Amino acid sequence: MLLIIFYIKNAIHRILTKLIIVGILFASYSQIVESAELTLDISSYSYREVDQNDNFFMEDKSAPFLYGVGIRDWGDDKKNPNVRNTNWMLLYTLEYSFGNIDYNSAGTGTMKKQYYKGRLETYISTDRGVGANDLMPYIGVGYRDLLDDSGFKTSSTNHLGYDRLSQYYYIPLGAIWYISESLSLKSQYNHFIEGKQTSFLNEVLPNTYSVNPQNTQRLGWGIDLTLRLKLNNKWSSYGFYRFWGIEDSDLTSCSPLIYCMEPKNQTHEIGAGISYHF
């Protein structure tokens, strides 16, 4: 009975939270549209893990690209007085990407699978004007998740794959340098707070793994660089490079006799895209 009540309360909480978010977005729709920038891009993505002796363990590579769509406001609406009416700006990046992945490992062969990746960052910055040679610093909070869709897929060595959910929590700290009226560089350091890695092993191998283990990562860092060229008042092109370096996770019990760990890893992503300014 208590479990049923818990699920009901949890469901009501999720519904109310979504209604509040929708209400806020609806109330501020005109401001969001006036300042938003719609983005479309492709990227080459690689993720590589090594063991505790720094020997190759496994690697994922995009095949051939990840495809991304997003919306962002990086403070470019300086000419719109109705949007900026305080000395502070609340900026954001919201992005979703997906694509096919080639998996390769030292012990379990190769596999074809898919990635689904989301990223949300919000920043605060001072409204100090934007023009040639201006520098706009900012700080914020960030969340990134990635679903590795490998569940029930079979590798070249007949090993069974499992789904994995990767979640990063971090603090983006950086600045946008307006090199000229049409060219800008967004340079960002990501201070890693915590990573959560959930491996859905029990779903595919219930006789071996009694739970779906969740490992915690504490040490890591990242960088995010975007060079953007304004083509006209509506369209821009951009290129970007993103990096993550994460250390070994903690050990957690997967079954009475097995402990699981997420190894040290690096992620590289380089891409290009176009954007439309509303």
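Refer to the structure printed above.
Rules used throughout
- Residues numbered from 1 in each chain as written.
- Predicted model: local features only at pLDDT ≥ 70, side-chain atom pairs only at ≥ 80, totals over all residues.
- Heavy atoms only, no water.
- Helix = DSSP H or I, 4+ residues; strand = E, 2+ residues; numbered from the N terminus.
- Buried < 20%, exposed > 50% of the residue type's maximum accessible area, 1.4 Å probe, protein only.
- Contact = heavy atoms within 4.5 Å.
- Areas by Shrake-Rupley, 256 points an atom, 1.4 Å probe, with all protein chains shown as cover.
- Core = buried A, V, L, I, M, F, W, Y, C linked by side-chain atoms within 4.5 Å.

Caption draft 1: Quick look at the overall build of the chain. Along the chain, the regular secondary structure elements total 3 helices and 14 strands. By residue count, 41% of the 278 residues in the chain fall in the buried class. In the chain, of all internal contacts separated by at least 6 residues, the share reaching a separation of at least 24 is 66%. Surface summary for the chain: the accessible area is close to 15,300 Å², and the carbon and sulfur share equals 63%.

Caption draft 2: Main features of the nonpolar core. One finds Y45, Y47, M58, L66, I101, Y103, M111, Y115 and L146 forming the largest nonpolar core, which totals 9 residues. Among the elements of the structure, β1 (37-50), β4 (88-105) and β5 (110-126) are those that each provide at least two residues to this core. Aside from chain neighbours lying at most four places away, what touches M111 is I101, D102, Y103, S150, K153, T154, S155, H159 and G161. Counting 8 residues, the second largest nonpolar core, distinct from the first, contains M136, Y138, I176 and Y178.

Caption draft 3: How the structure looks around unusual backbone geometry. Put simply, A63 and P64 share a cis peptide bond, and its omega is -5 degrees. As for its placement among the helices and strands, P64 is situated in the loop between β2 (56-62) and β3 (66-73). Positive phi outside glycine occurs at F152, with the angle close to 70 degrees. You can see F152 is positioned in the loop between β6 (135-149) and β7 (164-178). Despite not being glycine, N158 shows a phi value in the positive range, around 65 degrees. Considering the arrangement of structural elements, one finds N158 in the loop between β6 and β7.

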